[in-house]
Amino acid sequence: MNTTDIAFLTQLFETAVAAADPARALQGHLPDKPAGRTIVIGAGKGAAQLAQAFEEAWEDPVEGVVVTRYGYAAPCRYLKVLEASHPVPDAAGEAATQEVLSLLEGLTPDDLVVALITGGGSALLAAPPKGLELADEQALNQALLASGAPIGAMNAIRKQLSRVKGGRLALAAAPARVVSLVVSDVPGDDPAEVASGPTVPGPANRATALAAIRAWNIDLPPAVRRFLETAEEDAPPPDDPAFARNSVQVIASAARSLEAAADLAVSQGIPAHILSDAMEGEARDVARAHAAIAREVSLRNRPFARPCLLLSGGETTVTLRHKGRGGRNSEFLLAFALAIEGQDGICAMAADTDGIDGSEDNAGAFADGTTCAAMRAAGIDPAEALARNDAYTAFKAAGLLFTPGPTGTNVNDFRAILVR
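Keep in mind that this is a model prediction, so the values were computed, not measured. (Residues numbered from 1 in each chain as written. Predicted model: local features only at pLDDT ≥ 70, side-chain atom pairs only at ≥ 80, totals over all residues. Heavy atoms only, no water.)

### As for the packing of aromatic side chains
Summed over all chains, the structure comprises five aromatic pairs. Taking 4.9 Å as the distance between ring centres and 85° as the angle between the ring planes, the aromatic pair formed by Phe13 and Phe402 counts as edge-to-face. Here Phe13, found in helix 1 (residues 3-19), pairs with Phe402, found in strand 11 (residues 401-402); they are 389 residues apart in sequence, far enough to count as distant. One exposure class covers both Phe13 and Phe402, and it is buried. When the ring centre of Trp58 is taken as origin, the NZ or CZ atom of Lys33, which lies over that ring, is 5.1 Å away. The aromatic ring of Phe332 is capped on one face by Arg415, whose charged end is 5.4 Å from the ring centroid. (Phe/Tyr/Trp six-rings, centres within 6.5 Å; stacked < 30°, edge-to-face > 60°. Helix = DSSP H or I, 4+ residues; strand = E, 2+ residues; numbered from the N terminus. Buried < 20%, exposed > 50% of the residue type's maximum accessible area, 1.4 Å probe, protein only. Lys NZ or Arg CZ within 6 Å of the ring centre and 35° of its normal.)

If you want it as structure tokens, here you go:
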């Protein structure tokens, strides 16, 4: 794959990430200052950078706690930044969540709670309900991650099995007013779905969760299943009076980041087409659909004329069949590379805008029509690697991993396909 194409695709990714920069995203979204205290809480892979930007913009001293993934911290003057495990919660996340809950005790109607919520917060806010333990929440997350279920189905289940998700964290802050500033990493940008909506209630209830388990044949741990089937309380509904004074704003999203990348391409003379900012489905299946469109453009100049850039966002899923290495973006791109093998004039990248794809050190990878041949030359059969969920190993062997490191934000997957 030539360095010019890699440089262009990298520039597109950087532009998309810059559009979701915390300092830029906060502009125009700060709440009015309260008569009482200002408390800041937050969770997610971009929460520390958002807290840092909030401190600079707020100017007055504040107090609070935010929790982010290990290695994602940013220095703050007043706010306490804690790190924990993602995508499977750990004891540090449970302790951090308890600190957040303790901070919300004894607030008054004159106080303001600013919730800085970004993707990844669901695993970082670990607070199993009474009757379950951290080990149960860990087993739940592992089962959900392996299931291939879409994020909406996973969140419907998580919200019923937590003391903070599904709006419960906002309930803990009552009677203080809660303003949620959300960086969306979910298809459709529903703030109740980001990080399983700790401060934003949604319509999902226990019946919704049980229906999702049946629909996706999710193999839950027995203790978790029993709790869900016998629990007496649902997550609070959106019309609960405790939420009446609260407000929520989505301050950054995949849609805005894709538009910024499209504008950059157009400025360089390449027409850009955003296929969707809300793609969902099995990563390898979504990849084959993208590849079919790219081949149609390349071979028949339809539905778009060459040259052009195809962009998409959203969140695919991976059903784990084997314990290989790699996240959903790497798996998407390996399936894409197999589908365009030998085709000239097509190159692509797929990467997670937070800088980490799954649990590895890469955000994603690059591919073109020669990528599979390069993998075979390095001793890797790309089809076997895909069957083993081992895309990371395949792209590493070909020297095509994309490793920008943590970006400080998170608006989910970014896919760019250039057809010359």
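Additional details are given in the paragraphs that follow.
### What to know about the side chain of Glu360
Within the secondary structure layout, Glu360 lies in the loop between strand 9 (346-352) and strand 10 (364-368). Within the structure, Glu360 has its side chain in polar contact with the side chain of Arg325 (distance 2.8 Å). Ignoring anything within four residues of it in the chain, the contact list for Glu360 reads Arg325, Gly326 and Tyr392. (Polar contact = N/O pair within 3.5 Å; in protein donor to acceptor, adjacent residues only side chain to side chain. Contact = heavy atoms within 4.5 Å.)

### Re the pairing of strand 1 (residues 38-43)
Most of strand 1 sits inside the fold, with six of its six residues counted as buried. By the alternation rule, side chains of strand 1 split into Thr38, Val40 and Gly42 and Ile39, Ile41 and Ala43, which are all buried. As paired elements, strand 1 and strand 4 (residues 112-118) share six bridges and run parallel to each other. Directly across from Ala43, in strand 4, lies its bridge partner Ile117. Sheet topology places strand 1 next to strand 2 (residues 63-69); five bridges connect them, and they run parallel. Within strand 2, the position partnered with Gly42 by the bridge is Val66. Crossover handedness for the path strand 1 to helix 3 (residues 47-58) to strand 2: right-handed. (Pairing = 2+ DSSP bridges. Right-handed = clockwise from strand over helix to strand, strands pointing away.)

### With respect to the UniProt feature "domain: MOFRL-associated" (unreviewed entry) in the chain
When the UniProt feature table is mapped onto this chain numbering, "domain: MOFRL-associated" (unreviewed entry) sits at residues 9-229. Between the C-alpha atoms that bound residues 9-229 there is a distance of 48 Å. The span itself is 41% helix and 14% strand. (UniProt positions renumbered as here; feature names shortened; annotations may be inferred.)

### A few points about the side chain of Asn362
Looking at the secondary structure, you find Asn362 in the loop between strand 9 and strand 10. Of the polar contacts made by the side chain of Asn362, one reaches the backbone oxygen of Gly364; its length is 2.9 Å. Not counting the four nearest positions on each side in its chain, Asn362 is found in contact with Ser330, Gly355, Ile356, Asp357, Tyr392, Leu401, Phe402 and Thr403.

### Observations regarding helix 9 (residues 206-215)
Those residues of helix 9 that fall on the buried side of the exposure criterion are Ala209, Leu210, Ala212 and Ile213. Here the buried residues of helix 9 occupy an arc of 155° about the axis, which is enough to place them on one side. Helix 9 presents Ala207, Arg214 and Ala215 as exposed residues on the side facing more than 90 degrees away from its buried surface. Buried-residue contacts for helix 9 involve helix 7 (151-158) and helix 10 (222-230). For helix 9, the capping residue at the N-terminal end is Asn205, with a side-chain oxygen 3.1 Å from the backbone nitrogen of Ala207. (Arc of directions from axis to C-beta.)

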